[in-house]
Amino acid sequence: MTETKFASLTRIPHPSPISDAERATRVADPGFGKTFTDHMVTIRYTEGQGWHDANLGPRGPLSLDPATAVLHYAQEIFEGLKGYKMSDGSMALFRPEANARRFNASARRMAMPELPEQIFVDACKALVEIDKQWFPSVEGGSLYLRPFMIATEAFLGVRPANEYLFMVIAASTGNYFKSGAPAVSLWVSEHYNRAGPGGTGAAKCGGNYAASLVPIAEAMQAGHDQVVFLDAKEHRWIEELGGMNIFFVFDDGSIQTPPLSDTILHGVTRDCLIALAREEGLSVREEPYAIDQWRADAESGRLIESFACGTAAVVTPIGKVSAPDFAFTIGSGGPGQLTQKLKARLIDIQRGVAPDTHGWVVPIS
Ligand SMILES: *Cc1c(COP(=O)(O)O)cnc(C)c1O
């Protein structure tokens with residue numbers, strides 16, 4: 001645990017926030033990750049001093065020295081979680097302490113200082129509270145929160161930096177897919193890997209995403225929506241999509257997902273869906289699943305559904321899988337029944353429509 005001389009957030013409301021009329025226009029069609037709110041949280045860390053200068057203030061550009069460490073060696077981590085409007089009109093976060101814990105796990109892997117979990121959660125709550133008017137007026141909308149940390153020391157030597165900046169920004173966000181979730185088409189990356197044993201695959205760091213952009217572009221060029229990554233060693237075991245975890249549904253009512261390791265991101269949505277599926281009486285296996293088995297099972301009809309999951313798109317049905325030398329369709333090629341059911345169960349809890357028996361919903365103020 002890092003030392004901390006920390007008071008509470010200093011609140012500096014925006015002197016000239018975006019007008020009500022302009023905000024109303026923007027939140028009526030917010031898209032994903034582009035309609036930003038008026039405020040942001042900044043908290044600084046200096047070696048020897050700990051975390052300090054915690055502010056909730058007007059959102060604006062950063063001024064960085066060109067030698068700032070993050071710009072050269074990518075010492076950066078982030079999180080993604082959502083603020084929801086509950087059926088009674090109140091605002092809430094969903095399992096923010098799970099994101100805080102994972103943020104610190106990522107920090108340890110990237111040689112960055114840990115942030116006390118309570119500060120992480122309080123920063124997220126404070127930003128939602130001050131910018132709640134940005135909650136989108138669209139079906140399935142949320143305030144998407146992006147906490148992140150960068151190395152800010154101006155130094156070109158290769159070692160962990162001794163200064164950091166933690167921030168939280170928020171974006172008014174609509175449904176990831178406009179008319180509910182269509183089934184996506186996946187491309188099997190035969191050449192590129194997302195993560196290797198001993199690497200940073202289990203850390204939520206920007207570098208992993210940078211490495212995934214070429215295979216994603218390749219998939220899109222071939223007419224697909226997303227990439228599915230295989231393990232780096234044998235190039236056979238299905239890992240994840242690079243931003244979403246993956247599940248397989250079988251005709252005997254069981255479901256399966258690859259086991260957590262240091263090459264798979266430990267998704268909060270994944271964890272919730274495992275719990276909800278078990279409550280539905282389904283048997284859930286966390287076991288490796290091979291690409292050739294996936295194909296054989298889809299062709300024989302033993303595998304009836306597959307879906308990807310993550311905070312942004314919640315649950316996304318997978319309709320088709322392609323590689324340079326094969327392609328197969330899953331079920332009817334559209335959203336499967338169990339996929340839809342689990343998605344609805346999760347969304348109902350997140351929005352306060354169904355009772356929260358797990359203590360996942362954290363009210364704001
Ligand atoms: C964030 C992320 C996920 C999904 O995690 P959630 O906590 O469910 O949002 C899956 N894979 C990767 C690589 C990620 O960065």
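Keep in mind the model is a prediction, meaning the values are calculated, not measured.

Section: the overall build of the chain
Argument step 1. Regarding its fold elements, the chain presents eight helices and 19 strands.
Argument step 2. Against the compact-globule benchmark of 21 Å for 365 residues, the chain has a radius of gyration of 21 Å, which places it among compact chains.
Argument step 3. With 365 residues in all, the chain has 51% of them scored as buried.
Argument step 4. Restricting to contacts in the chain with at least 6 residues of sequence separation, those with at least 24 account for 73%.

A short note on the pattern of salt bridges
Argument step 1. Scanning the entire structure with this criterion turns up 15 salt bridges.
Argument step 2. Here Glu286 makes a salt bridge to Arg270, at a shortest N to O gap of 2.7 Å. Here Glu286, found in strand S15 (residues 284-286), pairs with Arg270, found in helix H6 (residues 268-279); they are 16 residues apart in sequence, far enough to count as distant.
Argument step 3. The class for Glu286 is partly exposed, based on a relative accessible area of 34%.

Quick notes on the packing of aromatic side chains
Argument step 1. By the definition in use, this model includes 15 aromatic pairs.
Argument step 2. Their ring planes at 75° and their centres at 5.7 Å tell us that Phe94 and Trp360 sit as a pair that is edge-to-face. Of this pair, Phe94 sits in strand S7 (residues 91-94) while Trp360 is found in the loop between helix H8 (337-350) and strand S19 (361-363), placing the two residues 266 residues apart along the sequence.
Argument step 3. We classify Phe94 as buried; its relative accessible area is 8%.
Argument step 4. Three or more aromatic residues link up through ring pairs in this structure, and these residues are Phe248, Phe250, Tyr289, Trp294, Phe326 and Phe328.
Argument step 5. Sitting over the ring of Trp237, Arg236 keeps its end group 4.5 Å from the ring centre.

Here's the deal with helix H3 (residues 96-109)
Argument step 1. Over its 14 residues, H3 runs 20 Å from end to end, which matches the ideal 20 Å to within 8%, given 1.5 Å per residue.
Argument step 2. Burial in H3 covers these residues: Pro96, Ala98, Asn99, Ala100, Arg102, Phe103, Asn104, Ser106 and Ala107.
Argument step 3. One or two positions beyond H3, positive phi appears at Ala111, with a value near 55°.

Side note on helix H5 (residues 206-221)
Argument step 1. Relative to the 22 Å expected for 16 residues at 1.5 Å per residue, H5 spans 23 Å between its end C-alpha atoms, a close match to the ideal helical length.
Argument step 2. The largest bend along H5 reaches roughly 35° and is located at Leu213, with the proline Pro215 sitting one to four residues downstream.
Argument step 3. Of all the residues in H5, the buried ones are Asn208, Ser212, Pro215 and Ala219.
Argument step 4. Taken together, the buried residues of H5 touch strand S10 (184-188) and strand S11 (226-230).
Argument step 5. Looking one or two residues beyond H5, the residue adopting positive phi is Gly223, at roughly 90°.

Section: the packing of H6 against H8
Argument step 1. Two elements in contact, H6 and H8, have axes whose closest approach is 10 Å; the angle formed by their N-to-C orientations is 110°. Looking at the two axes, H6 sits roughly perpendicular to H8. Residues Thr269, Cys272, Leu273, Leu276, Ala277 and Glu279 of H6 form the contact with H8, whose own contacting residues are Leu342, Arg345, Leu346 and Ile349.
Argument step 2. Split into classes, the residues belonging to the contact of H6 with H8 amount to seven nonpolar, one polar and two charged.

Some words on the domain arrangement of the chain
Interfaces are often described in size by the accessible area the parts lose on coming together.
Argument step 1. For the chain, the assigned domains are domain 1 (10-173) and domain 2 (184-350).
Argument step 2. The C-alpha-based centres of domain 1 and domain 2 are spaced at 28 Å.
Argument step 3. Residue-level contacts link 19 residues of domain 1 with 20 residues of domain 2.
Argument step 4. Contact with domain 2 buries area across many residues of domain 1, yet Phe78, Phe94 and Arg102 alone supply 35% of it, more than any other trio.
Argument step 5. Counting the contacts that link domain 1 with domain 2 gives one salt bridge.

Looking at the pairing of strand S8 (residues 142-151)
Argument step 1. Summarising burial for S8: nine of the 10 residues are buried, a large majority.
Argument step 2. Note that strand S5 (residues 76-78) and S8 share three bridges and pair antiparallel. Following the sheet pairing, Glu76 is matched in S8 by Ile150.
Argument step 3. Where strand S6 (residues 81-85) lies against S8, three bridges are found, and the strand directions are antiparallel. Across the sheet, residue Gly83 finds its bridge partner in S8, namely Leu143.

Details of the site of the ligand
Argument step 1. As a structural note, the neighbourhood of the ligand is formed by 15 residues, with Lys204, Tyr209, Glu240, Thr269 and Thr311 the closest of them.
Argument step 2. Within the backbone of Val268, one N or O atom sits 2.8 Å away from an oxygen atom of the ligand.
Argument step 3. Between the ligand and the protein, one listed contact pairs an oxygen atom with a side-chain N or O atom of Thr311 at 2.6 Å.
Argument step 4. For the ligand, whose unbound accessible area comes to 380 Å², protein coverage reaches 97%.
Argument step 5. Its residues assigned to classes, the shell around the ligand comprises four nonpolar, seven polar and four charged.

Conventions we followed
Residues numbered from 1 in each chain as written. Predicted model: local features only at pLDDT ≥ 70, side-chain atom pairs only at ≥ 80, totals over all residues. Heavy atoms only, no water. Helix = DSSP H or I, 4+ residues; strand = E, 2+ residues; numbered from the N terminus. Rg over C-alpha atoms; globule rule 2.2 N^0.38 Å. Buried < 20%, exposed > 50% of the residue type's maximum accessible area, 1.4 Å probe, protein only. Contact = heavy atoms within 4.5 Å. Salt bridge = Lys/Arg side-chain N within 4 Å of Asp/Glu carboxyl O. Phe/Tyr/Trp six-rings, centres within 6.5 Å; stacked < 30°, edge-to-face > 60°. Lys NZ or Arg CZ within 6 Å of the ring centre and 35° of its normal. Expected span 1.5 Å × (residues − 1). Bend = angle between axes of the 7 residues up to and from the residue. Axes fitted to C-alpha atoms, helices over the stretch in contact; angles between N-to-C directions. Parallel < 35°, antiparallel > 145°, perpendicular 65-115°, else oblique. Nonpolar A, V, L, I, M, F, W, Y, C, P; charged D, E, K, R; others polar. Domains from an automatic or database assignment. Buried area = accessible area lost by both parts, 1.4 Å probe. Pairing = 2+ DSSP bridges. Near = heavy atom within 4 Å. Polar contact = N/O pair within 3.5 Å; in protein donor to acceptor, adjacent residues only side chain to side chain. Areas by Shrake-Rupley, 256 points an atom, 1.4 Å probe, with all protein chains shown as cover.

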